[in-house]
Amino acid sequence: MTNHEHERAIDLVTRRGVEDIASPDAAWLESHLAECPECADYASLVQSAGQLLRSVAVTASPALLASTQARVHERAAQLREHQARVVLIAVSFCIGVLSSTISAWLWWRFGGWVAERFSLPTSIVEPGMFVAWLLPAVVIALAMLASSHPVLDRSVTLAMLGEREGDRQ
Ligand SMILES: [Zn+2]
């Protein structure tokens, strides 16, 4: 037997595990393995290595699959919770801007009348505008501080998540 034949046999044995080989090649390989103990040893080694890999993959897969799925779900939930937080912050910001605008408008519209009605000096009307603009933000901040739970509580975001999940289904 030539070196070329052994090389061909080794090549075919290696490829046999991962791809289909042509039936003439397979037949030639079988006859070579029957005659050549070295290549037959290599073939059985490759076969047992393949079996070992497959059995390890099979025993590991349910646990590995479960933990991988759990990690993927956890990460997805984190991302959705983050999105929900961003939405809550945006909503709070919009409410703050809106209420500031409304109260500033109210003061601009009625501040002069209030000053006149309670015989206050008209010089307070302009600084009063600034106070009226800031007041809602101060009130919201105080309400946030006063409430026992933080406004952006985890349960709030989770509840929002639940609603969004519900919408999706
Ligand atoms: Zn050989």
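Further up the page is the structure itself.
Notes on the structure follow. Residue indices begin from 1 for each chain and proceed along its sequence in written order. Where totals are concerned, whole chains, interfaces and linings use all residues; where local detail is concerned, this predicted model gives features only for residues with pLDDT of at least 70, and gives and counts side-chain atom pairs only at 80 or more. Where side-chain values are given, they derive from all heavy atoms of the structure, hydrogens and water being excluded.

## Structural notes on the packing of helix α1 (residues 3–16) against helix α2 (residues 23–35)
Close contact between α1 and α2 brings their axes to 10 Å; oriented N to C, the two are set at 115°. Of the two elements, α1 crosses α2, and the hand of that crossing is left-handed. Contacts between α1 and α2 pair E5, H6, R8, A9, L12, V13 and R16 from the former with D25, W28, L29, E30, H32 and L33 from the latter. Ten residues, namely Ala, Val, Leu, Ile, Met, Phe, Trp, Tyr, Cys and Pro, are considered nonpolar, four, namely Asp, Glu, Lys and Arg, are considered charged, and the remaining ones, Gly among them, are considered polar. Of the residues assigned to the contact of α1 with α2, the class counts are six nonpolar, two polar and five charged. Interaxial angle, 0 to 180 degrees, is taken between N-to-C directions of lines fitted to C-alpha atoms, where a helix line uses only the stretch in contact. Every helix listed is a DSSP run of H or I at least four residues long, and every strand listed is a run of E at least two residues long, numbered separately from the N terminus. Handedness of a helix crossing follows the sense of rotation of the near helix relative to the far helix, less than a right angle counterclockwise being left-handed and clockwise being right-handed. Note on contacts: a residue pair is in contact if any heavy atoms of the two residues lie within 4.5 Å.

## Things to note about the pattern of salt bridges
Definition used for salt bridges: Asp or Glu carboxyl oxygen within 4 Å of a side-chain nitrogen of Lys or Arg. Scanning the entire structure with this criterion turns up four salt bridges. Across the salt bridge formed by E30 and R16, the nearest N and O atoms sit 3.2 Å from each other. With E30 in helix α2 and R16 in helix α1, this residue pair connects regions lying 14 residues apart in the sequence. The exposure class assigned to E30 is partly exposed, which follows from its relative accessible area of 46%. We call a residue buried when its accessible area falls under 20% of the maximum for its residue type, exposed when it is over 50%, and partly exposed in between, using a 1.4 Å probe and counting protein chains only.

## Overview of the coordination of the zinc ion
Shown as donors are all N, O and S atoms within 2.8 Å of a metal ion, widened to 3.2 Å for Na, K and Ca; because water is not in the atom set, sites may appear incomplete. Around the zinc ion, the protein contributes the donor atoms H6 (ND1), H32 (NE2), C36 (SG) and C39 (SG), which lie 2.0 to 2.5 Å from the metal centre. Just to be clear on the cut-offs, tetrahedral is four donors with all angles between 85 and 135 degrees, square planar is four donors and octahedral six with opposite donors over 155 degrees apart and all others between 65 and 115, and anything else goes down as irregular. For the zinc ion, the four donor atoms in the first shell make angles of 103 to 118° at the metal, so the coordination geometry reads as tetrahedral. In terms of primary sequence, the donors binding the zinc ion are separated according to H-x25-H-x3-C-x2-C. Of the two residues examined, C36 and C39, each falls in the buried class.

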